Each structure stands twice: as structure tokens, then as C-alpha cells.
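# Coordinate analysis (summary)
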Amino acid sequence: MDDSSSTASNVARAIAAALDWSSPPDTRKAAVAYLESVKSGDIRVLAKTSLLLVGKDWSSEIRLHGFKMLQHLVRFRWDEFSIVERSEFANLTINLIFEMVSPREEWALKSQTAALVAEVVRREGVTLWHELLPSLVSLSNKGPIEAELVAMMLRWLPEDITVHNEDLEGDRRRVLLRGLTESLTEILPLLYNLLEKHFGAALNEYAKQQLDIAKQHAATVTAALNAVNAYAEWAPVPDLAKYGLIHGCGSLLPYNEFRLHACEFFKLVCQRKRPTDATASEFNSAMRTIFQILMNVSRDFLNRSRSNFHAIDESEFEFVECICESMVALGSSNMQCIIADGTMTSQFLQQWLNIYGILALPVLHLLFTLPWSVFLLQHLVLQMEFILKVEMLEYYQHFKIALHFQSLLFWLVVMRESLSKTKAAARIAGDNSAVSNLGFGSGLAEKEKKGVSAFINDDICNAILDVSFQRMLKKNIAVGTSPTAEALELWSNEFDGKSDFSQYRSRLLELIRLIAFQKPLVAAARVSHRIDLIIRNFVHASMSPQELVVVESMQLGLETVVGAIFDGSAEFVSSAPETKFQLHSILEGLLQQLLSLKWTEPTLAVTLGRYLDAFGFYLKYYPDSVAGVVNKLFELLTSLPFALKDPSSNNARHARLQICTSFIRIARAADKSLLPHMKDIADMMAYLQGEGRLLRGEHNLLGEAFLVMASSAGIQQHQEVLAWLLEPLNKQWTPLEWQNAYLSEPFGLARLCSDTQFMWSIFHTVTFFEKALKRSGTKKAMMNLQGCSAPTDISTYPHPMSSHLSWMLPPLLRLLRSVHAFWSQPVAQALTSELRAAKSISHVEQATLLGESNLKPPKGQLSFADGSQMDMNREGESNENDVRNWLKGIRDSGYNVIGLSATIGDAFFRYVESPSVALSLVENVQSMEFRHLRQLIHLVVIPLVKFCPADLWETWLENILHPLFLYCEQALTCSWSSLLHEGRAKVPDTFGNLSGLELKVEVMEEKLLRDLTREICSLLSVLASPGLNSGLPSLEQLGPINRLEVSSLRDLDAFVSNSMIGFLMVHKGLALPAMRISIEVFAWTDGEAVNKVIPFCGSLILLAISTNNVELREFVAKDLFYAIIQGLALESNAIISADLVGLCREIYVYLADRDPAPRQTLLSLPCIKREDLLAFEDALTKTSSPKEQKQHMRSLLLIATGNKLKALAAQKSTNVITNVTDLILLKMSLLWEYIQVSHNVINTTAKYFILHAGASL
């Protein structure tokens, strides 16, 4: 006992040291090591020590830690006890409940005590539970504190049913579920009694002003509600109703102290799936009861909100949001349960008239005009569904964004379901039309549409659209709230936890799209009406920022409506002529109104251009309107100034570029409608270019639009357009004079950067090559072959760009080689200070690395989305920012040109000189910054690997991959070593002058390191892809047997021509650095990188199994096997731990009999015994199931390492703390668990969070 007391004192001191951040790092590390040794040491010492630490003599933090140690013991080491010891330990833990009965005990300690007892019950099984239950019932009758502890224990007991836990898969989980299910007849009445008894007692004591006692009873009610919620996720819903819990939780909804917990119960139950067995009717009845409860609460709130919403505080809005969420779940998942009963017909009809007045009239009219034979059915369907939808419409219109958001989710479900029903009916109509001249199918579709229109009538759709259009705006502190939405609480950054604004707006647009698809006339009329109001109200000489935001916001609404109606759907083509005429009248009127506007201010001109390109799909069906749109766009373009050297013209130049992109959008949407106008557009382009009024970036965009138009005309016209556009570029691009002047020696590029006009000319040429390759894909062009009367194999036609590669690529390769040399040491040292500064990372790139997504490029700065916006940045001035932007643009577009050219296939690989490509790409690879190297791999190397013909692997890939792998392995190893041991990643990237921002620099360095690590692992994954390894057999092809015949093994050379991994292994210069990366990555704390490298490791294992190559087999059986096990020691690999265990299983099962390394590796682990290994091998022989073998491997690894493989331990379910106070205290007690490495590493991993926390403060 004295030894246990001494150990407990030592553990307490270690806990205190680990939690004391003022202690020296070595002291904390030593404390953590000691605590780990106790946890993995003698189990009886651990048990005695932990039981002493939970005593009342210790501080709360130490007691909490003691409880966590006991829970660790029960969850991970329970089987080490004898049967007698388990029984004794179980009794000791149960007795802890009685020791916690004190009003002075903290909630967190009581909760952890209950969690411990629940853990013991789960481990011991149903027998202990049945023995314990009567004692718990008896204990709950003693007082509120005892009852609270019982409720807590009942709450934790089913945790492993609702939370995934690998340890409880299979029989143990089923036994636990069966035991608890059998006890529901006792548990659920007990919970109801606790609710009823202590709720009443709390009210009585409160009335007597006995506040302390009232709080104890209230705490018991809260604990009981938490327990009820734990069963609401899985207990049969009829049982929840039978034992009064639905009624009980409904009764608590009016009380502030309990309503959120009670509402959580309804939210959980409403999401349950309707059973198909005999209990379905009871389930329906329970759901109808819930429906009435929720509707009553909702109706009361809406009535008070209408009369005086200022009297409603934020806590009530939070509660109603939960109610609304429950109604959404109910209406989305279980509406069929509600509409199945007709006993409340008259009551609900009366409610319609009393509450909703005129809104109910369309439904009543429909009911009384239906044929009597279907009256009852329609009556049942409409009575409750309509009420729910009207209430949800009111929530959708509510000024509170949270309530509106919940209703938005409901309407999305409703409209999706409505659309699916309409489409299903249309399919039936189509199927029946061939066999029924009477049009039965068509009649069915029409009836379905009428049903839909009854539930979602025009008034509802109009109301939804009105609100949706208003809520397209985001609250902006800089410009204030929109003048059209002053009454609405608009989306703001403070409304978080749901999604960001782009996700929210995408949901709004989807709802608009669904309505427009089903109610095209309503949507077209509504969007046209709103735009007309905006134009009339806001358009004047000087528009305020608020008004401009409103004008801009409606463009997306118009685009969505037009797209939904005309986007290639058969519905519009097959719609009635009258509908087509009305749609044409509405939208043509709006289009003509827009065409008549005289907007010349740059921002307004861009907005008008976007309004016009929103009509793209409309123009596909009404080509007569194309000419007016094209002329208007050119009018807008020519009305804006384009002076190169005038900084004040930046906005206008940006607007000109945006207007040019409108041509692309229209060409993409209008399809063949623009073909008759191509000559006029070309003539206008030539005229403007001849007048000097069309800049190169604008010409590139219009040329891209031409390529889009031509792709719909067929391969021949596409090639003609390409030749027309590329011929002038050929004459500028191919002459050797400029290449020799600027690209023949390392410092030539510096001279090019001083020739500003030619520098930008080169840039625009390269970016147009990129656009031409992107817009010249074969899919659409080949499917529109002209003059082909018979089916044609499109693969026989050459790629439209294949004939141009021979003159495009050689100068580009020389240019990229010069760009790469710009970073080499000899050149870098000789550069001017301005050019050296231009090589540093831009502010926009820094913001991206830091995750500051809100930071947008300022006007006048680059956006590389299409490469065209380079014009925005004062081309007339050669300065640091110009050169930086130019270098980045050339690298981005140049890499893309090579990568896209590689996708063409033979025309690239067989006619372009591979040595020149390798020289250009990797000659200076060791001078590359990490950001550039990642880009090179992603945009160039991966496409080269994917599309290189197998017979050219030798010619192309070895010279590129060898220096790349060699440098990446060296650079990554060095940087990761620095990060893990010194707390900072050393990367070659330059950040410019960031004095005083060292923390940001460290965060960016780590991000660059992780990005490159993941990219090189992606490349390894591509090398292992099935398409490049057709000759590599799968495990299924190898068969289920563990021992393969040696005679069936092949030489490694047999895989060279049909397996990229085989090719790699034959070339040791490629294989060695790639293999080193594949094992080193398991020691780097990046789970995403490990996930990407898993396919490569799997392919190595398959190849080692299939070949007789000794070196490969030894690498896999020893080095890779050990590295994977070490990877399982990192918690960052927890999500992919199952895959890692699967790799271990494959190595052991297939290679352990051919190589001693797997057994030796396992026997070298600290806690394994030879008997454990023999038992493991015996278990493997008894099953051929990979899943079961993986489970055996997982269990062995945990035993062999003393449960120290954190990736596996993290998969085990841990009790979720739902109380805020408990969570805070528990976090304090668990801090020591995170101090696993030096304080530098901890600081590094925390930098990102510290940085952003400081920014938010």
C-alpha cells in the first residue's frame, strides 16, 4: 500500500509538471515519459495508483486524470485481469458512484465516474448490467444527486452503439445492443420517472425559494434529458412514445432551462427511418404526435414574432432554430407518416382558415373541385403537408438568417422530391406513349404536375423567389446593408458554423434553379420583374456602392433562371407552344430593356455584360437575338478607354477584359447560334486591331471565344479557325533572332525583362497557346464532324493542335529553361536588386499559403484564372511587380502548355525531342523553390507520366524522373528533419522583406513543405495507377493461399513493358530515391501525404510477391514493413490506419514464409512475446478473410507495442463530453497527452492556430 501511495504521489507530481507550461521542456517531457510508463506498466500498480488518484484529497485536475487512467485501463488492458480481479475491480468502480454523492462534487468528476462505470459494464457484458440495474433503480430513488449519477451512467452506457468503435464490431457490439434493448422496458420508464419526478420537485422547491435544492433537481432533469437523447438515436420510436418520453420532452419545451435539450430529442427522433415491419403504424402515430408538438411551438413563436418580434431574445431564436431544424428533418424524412391519418381533418381545415387565411384558399378550392373518388386521398395528403409548408415558408421569409437557413434546407428537399416525381411521371408517360394512343402516360404526368402545383403553388414559389433574390446579398460593413433588404438579417461572417457564404448562396441558387425548372413562367416573370424594378430604381448618373451591389447580385439570379429553363433540357423543347411564347415574350422584353441601357462607367459596363451573357442558353433557342447582343458587347468594349500607361484606366481595362470574357460565356452556352456571326465578329476584331484599339489580352479572349464557337461547327472549321488565329503568332514566335538575343545565355532573360513591350507580347503568346490547347479538346469538336454520314471513329482524327506543336514548343522550352536558370546560384547572384526582389512570393500567394482566403488581389494585380488579367497591371512600366507577375504567368501557362501537349499523345511524344524537354525542365531542378517544384510536378510531370506510351518510357521518363526524385528526396528529408527537430521547416522559397512577421513566415514554410510532400506522393500514386500497371496481378489473381509456388515467380524484367512500377524497379537510379521517399513519408507527420503514397506501397508489395527479385523482397519485407508500423505510431495517420494495417497484413501473409524479416520485425517490438506471434499465425491459418486477417494483425500490433500505436488507439471511441465545464477541465487534464515531442514541435504545430487566434482577437 505504501508503494502504491508513493507511486500515486509521483504520478500526481508528474501530472502537475506536465500541465505546468512554465516548467522547462525537458521537465515536461520527463513527466510525460513517466506517465506513459505507468500506463503501460504493471496493470495492478496502474489500477491501485489510479484508484488512489480519484480520491477527494487530490485536486480536480489530478482526479480527472485518474479517471482517464482508469478508463484507459478498462478499455485497453481489461483482458490482462483475471476473472476474479475483474469482478473486484468492477465492484470498486461501482462503489465510486456512492462516493461521488455530494453537492460539492464537480459535474466533470461525476460525469467521468459515470463514464467509467459504463465502460466497465460494456467490458463485462450483459450479466453485470442485469445485476447492476436494480441497484441503479434503487439508488435513483434516494435523492437528486444519486438520480443525476444514475442518469449520467445511463447516458454513457449506449455510447459504443451510437459511436463507431472497432473494438465492438461483430459479436460484442451485437451482445451489448441486445442487452440494452432487452432492458429498455426498465430503462425508459426509469428515465421518464426521473424527468417527471425531478421536474416537479424543481418547480416546487423553486416556489419555496429553496434554490440550491431546486438546482440539484434541475441538474437531474438535464442529466435525464441527456440520457434520453442517447437512446433517441437507436431505441425503437414506438417504445419512446409508449413510455411517455415524447410527451415528457414535449412538456419541457416551454421551460428555458431544459428546452434546448428537449428539442435535441425531437431533432434526433425526427431523423429516424420509418420501419417496414408491424411497428410502422405505431411509428406513424409517434411522428404525428411529434408533428403536433412542434407545430404548436412553432405556431406560438410565429404569432408572437408577427406581433412584436423585438420582445423575442436571442436565446429564444436559438431554441426556435432547433425547432425549425427538427421540422426540416420531420418534413424531409417522415412526411408520409404525418399524412397517413385523416382523423384530424376538420381541425386542421379550421386551422388553415384561422391562421393562414387567404393562403389556404387555393388548397380548399382544389379539395372541393376534385372528383369524389380521389377526394379523400388528396384530402389526407394535403391537410398537414400544406400547413407544414406554409409555416416553413414563413420561416424562409423570416428576417433572422438562422431560421431562414433551416427553412432553406427544407425547401431544397421538397423541391428536389417534387422534381423527381415530375420526372418519374414523365418517364412513365414516355414509356406508355408507344403503346397507348389514348395518352395515358401523358395524362399521368399532367396529374403529377397538378399535384405538385397544388403543394407548391405559384404564390409559394413567388414568395420563395422574392426572398431568395434579396438574400443573394452578403452583409458588408464597408458599404452597409442593401437598401432593398433593410428588414433582413443578411448573411455575415458572424453567422458561422453552418457553411460559408459561397456554400449558402449555392444552395439559394439551387433552390431558384429547381423552381425555374418546374415553374419556368413564374421564375422568368419574377426575375424579370425584379430586374426591371432595380433598373428603374437604381440606375442613374451616380450609383452608390449599396445600389451597385444590388444590381450585381441579380445577375446570378437571372443566369440561374435562364440556365434552368434552356440548358439543353428536353422539357423546354417539348413544352407547349403557348408556354414557349410566354417565356419568349418575358425574356425578350427584358433583353431588349438591357440592350437599350447606356452604361459606360466601367463597373456598370461589366455588370451589363454579365447580364447579357446570362442570356446565353436563351440565345441557343432564339438566335435572332444574337446580333443585338454581339453588337452591344462591342459597343461596351469600344466605349471604354484602354490607355496603356495611364494608371487611372486600370478599372476600364479590367472592364474591357471582363466584357471579352462575356463573348466566351455566350459562345459556350449559345452553341451553334453564333456560327452565322463569326465573320462579322472576325471583321470587327480585325478593324479594332487595325485601329490599335484592341489589346493583346483582349484579342486572346476573343480568339478563345472563336475556338469555342468553332468547336460546335466541326473539326474542319475548328482547324481553320486555329490556323487563322495561330498564323500571326507563328510569325512572331518562331524567328531565331529574339530567341538568340534573350534565351541563348543565362543572363539574356534579364535583358528581356527590360524590354517591356516585347516581354508582355511573349506572355500573351504563351497564354494563347494555353487557351488554344484547352479549347481544342476532341470531345465536342469530333462529335460535330462535318460531312460525315456514317458513324466515325473519332480516334482516327488528329488532335487539332497536333500539327502546331513542332513550332510552338521549342521556343517555349528554351524560355522555360531560362526562367529556371533565373534561380540558379550563378545567375541569381548577378541580378539587380529589383530582379532579385521580383523572385519573391507575392502578397496574394502569401495570403493563400496562410489560408487568408478573404484577401483578394487588389485591382490592378494579377488574377491567373485565365491568364488574361495580366493586362490589368501597368504593362507600360517595368518594375518589380511587373517582372514577378510576368515570371509567374510564364511559368503557369508554360507548364500548362507542356502538360496539355502531353495529353495529345503520340504527336507530342514521338515528334518532340525528349532531351530538350528534360533539359528545360530539370537542368536546374536543385535551384527550384518548393512552390515551383510542386507546380512542375502537378502540371507537367504527372501528365507526362500518365500519357507517355509504354514503348517510350525509357526515352522520356528516366531523364526527367531521376533528377527530380533525387532532389526531392534530399530536400524533403532535410526540411522535415528541421521541422521535427528544430520546429521550423527550412525551404528554399524567398518571401521578401517580412521583418517582424517571423511567425507568418514559419507557417508559410511549413505549408510549402507539406504541399510539395503531398505532390511528390501524388506522383508516386500515379506511377502505381492501374492504367499504367496492367501487367501487375492483383491479390485476387494471386489467389487466397499464403504460399506461392517459387516456380510461378517471374523475373523483374518481365514487368518492364506492362508495369510502370516494374519499369521503375529495373532502373535503380529511379527506384532508390522513390523507395526512400515512400518509407520516409511514414515518419513525417502528414496523414494526407501518407494516404497518397499508399497505392505506391501497395504496388511495391504486389511486385515483390510476384517476382523473384531478392532486393525488392527484402526492401518490402523489412524496410517498408517496419516503416508502416512506425507510421502507425503517429496519430496523424489515424484516419488511414485501416489501410496501413492492410499493407502490413499483405506483407506478412504473402512474404513471411519467403523472408524472415517480417517475423523479426514483429519480435523486435517492445511488448511482444513469442506466444503472441504463434497465436497470431495460428489465427491466420484459420481464416482466409482479408478483413479478419487485418483485425488479427491490428490486435497483434497493439499488443506488441503496448497500445502505443496512436493511429490505432485514436480509432478507439473515446467518451464525448457534452458539458462545457467538463470539457474545459478535461482538456486541462489531457494536455500532457499532447506533449509527445519537444516543445519546438508543439510550438510549430500551434503556430497556425496562434496566428489566426491573434488575428481574430
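Note that the structure is predicted; figures quoted are calculated from it, not measured.

### Some words on the overall build of the chain
Check the secondary structure of the chain and you find 61 helices and 0 strands. Looking at the chain as a whole, 55% of its 1257 residues are labelled buried. Here the contacts in the chain between residues at least 6 apart in sequence split such that 76% fall between residues at least 24 apart.

### Considering the packing of helix H35 (residues 715-733) against helix H38 (residues 756-774)
Viewed as axis vectors pointing N to C, H35 and H38 meet at an angle of 145°, and their least axial separation amounts to 11 Å. Handedness of the H35/H38 crossing: left-handed. Residue-level inspection shows Leu722, Leu725, Leu726, Leu729, Gln732 and Trp733 of H35 in contact with H38, the latter providing Ser761, Ile762, Thr765, Val766, Phe768, Phe769 and Ala772. Its residues assigned to classes, the contact of H35 with H38 shows 10 nonpolar, 3 polar and no charged.

### Regarding the environment of Asp567
Mapped onto the elements of the fold, Asp567 is located in the loop between helix H26 (545-566) and helix H27 (570-574). Residues contacting Asp567, with those up to four places away along its chain left out, are Val562 and Phe617.

### Let's talk about the nonpolar core
Counting residues in hydrophobic clusters, the biggest one holds 389 residues, and the most contacted among them are Tyr231 and Trp886. By residue number, the principal contributor to this core is helix H48 (residues 953-982), which donates 13 residues. Aside from chain neighbours lying at most four places away, what touches Tyr231 is Leu154, Leu157, Pro158, Leu184, Ile187, Leu188 and Leu191.

### Some thoughts on the pattern of salt bridges
By the definition in use, this model includes 53 salt bridges. Its salt-bridge partner being Asp532, residue Arg536 comes within 2.9 Å of it at the nearest N-O pair. Remark: Asp532 and Arg536 occur in helix H25 (residues 520-538); sequence separation between them is 4 residues, near one turn of the helix. We classify Arg536 as exposed; its relative accessible area is 60%. Through salt bridges with shared partners, a single network forms among Glu845, Lys888, Asp892, Glu929, Arg931 and Asp989.

### A short note on the side chain of Asp613
Tracing the backbone shows Asp613 in helix H29 (residues 602-613). Under the relative-accessibility criterion, Asp613 is labelled buried at 5%. At a separation of 2.9 Å, a polar atom in the side chain of Asp613 contacts the side chain of Ser662. Non-local contacts of Asp613, meaning those with residues more than four positions away in its chain, are made with Gln555, Glu559, Ser662, Arg665 and Ile666.

### A short note on the environment of Glu923
Tracing the backbone through its elements, the reader meets Glu923 in the loop between helix H46 (914-922) and helix H47 (930-947). Measuring from C-alpha to C-alpha, the distance between Glu923 and His820 comes to 8.2 Å, with 103 residues separating the pair along the chain. Residues in contact with Glu923, not counting those within four places in the same chain, are Arg817 and Ala918. Within polar-contact distance, the side chain of Glu923 engages the side chain of Arg817 at 2.6 Å.

### Focus: unusual backbone geometry
Even without a glycine there, the phi angle at Gln209 is positive, about 65°. Located in the positive-phi region is Asn1203, a residue other than glycine, with phi close to 60°. You can see Asn1203 is positioned in the loop between helix H58 (1186-1200) and helix H59 (1206-1209).

### Comments concerning the packing of aromatic side chains
Within this structure, the stated rule accounts for 32 aromatic pairs. Residues Tyr231 and Trp234 carry aromatic rings whose centres are separated by 5.5 Å and whose planes lie at 40° to one another, so their mutual orientation is tilted. Classification of Trp234 as buried rests on a relative accessible area of 13%. Stacked on the ring of Trp156, the Lys or Arg Arg155 has its end atom at 4.0 Å from the ring centre. It is Lys400 that lies over the ring of Phe317; its NZ or CZ is 4.8 Å from the centre.

### Thoughts on H58
For H58, with 15 residues, the first-to-last C-alpha span of 21 Å sits near the 21 Å given by 1.5 Å per residue. Of all the residues in H58, the buried ones are Gln1189, Met1193, Arg1194, Leu1196, Leu1197, Leu1198 and Ala1200. Following H58 by one or two positions, Gly1202 has its phi on the positive side, about 65°.

### Some thoughts on helix H6 (residues 107-124)
In this model H6 runs 26 Å from its N-terminal to its C-terminal C-alpha over 18 residues, within 8% of the 26 Å that 1.5 Å per residue would give. By the criterion of burial, H6 is predominantly enclosed, with 16 of the 18 residues buried. Trailing H6 by a residue or two, Gly125 shows a phi angle of about 100°, which is positive.

### Description of the side chain of Glu1015
Within the fold, Glu1015 resides in helix H49 (residues 998-1023). Excluding anything up to four places from it in sequence, Glu1015 contacts Arg934, Ile937, His938 and Ile942.

### Quick look at the packing of helix H3 (residues 43-53) against helix H4 (residues 60-77)
It is at 8 Å that the axes of H3 and H4 come closest, and there the two elements cross at 150°. Our classification of the angle between H3 and H4 gives roughly antiparallel. In the packing of H3 onto H4, the handedness of the crossing is left-handed. Counted together, Ile43, Leu46, Ala47, Ser50, Leu51 and Leu53 of H3 and Ile62, Arg63, Gly66, Met69, Leu70, Leu73 and Arg77 of H4 form the full contact between these two elements. For the contact of H3 with H4, the per-class residue count stands at 9 nonpolar, 2 polar and 2 charged.

### What about the environment of Ser1195?
Examined against the element boundaries, Ser1195 turns out to sit in helix H58. Spatially, the C-alpha atom of Ser1195 lies 8.9 Å from that of Phe1176, the residues being 19 residues apart in sequence.

### Overview of the confidence of the model for the chain
When pLDDT is averaged across the chain, the result is 82; 80% of the residues are at 70 or more. Within the chain, helix H60 (residues 1220-1230) has the poorest average pLDDT of any element, 36, and H47 the best, 97. Counting interchain partners and residues more than four positions distant, the pLDDT-below-50 stretch residues 477-486 has 19 contacts. Counting contacts from residues 855-878, a segment whose pLDDT is below 50, to residues more than four positions away or on other chains yields 70 contacts.

Conventions we followed
- Residues numbered from 1 in each chain as written.
- Predicted model: local features only at pLDDT ≥ 70, side-chain atom pairs only at ≥ 80, totals over all residues.
- Heavy atoms only, no water.
- Helix = DSSP H or I, 4+ residues; strand = E, 2+ residues; numbered from the N terminus.
- Buried < 20%, exposed > 50% of the residue type's maximum accessible area, 1.4 Å probe, protein only.
- Contact = heavy atoms within 4.5 Å.
- Axes fitted to C-alpha atoms, helices over the stretch in contact; angles between N-to-C directions.
- Left-handed = near helix turned anticlockwise from the far one by under 90°.
- Nonpolar A, V, L, I, M, F, W, Y, C, P; charged D, E, K, R; others polar.
- Core = buried A, V, L, I, M, F, W, Y, C linked by side-chain atoms within 4.5 Å.
- Salt bridge = Lys/Arg side-chain N within 4 Å of Asp/Glu carboxyl O.
- Polar contact = N/O pair within 3.5 Å; in protein donor to acceptor, adjacent residues only side chain to side chain.
- Phe/Tyr/Trp six-rings, centres within 6.5 Å; stacked < 30°, edge-to-face > 60°.
- Lys NZ or Arg CZ within 6 Å of the ring centre and 35° of its normal.
- Expected span 1.5 Å × (residues − 1).
- Parallel < 35°, antiparallel > 145°, perpendicular 65-115°, else oblique.
- pLDDT = per-residue confidence, 0-100.

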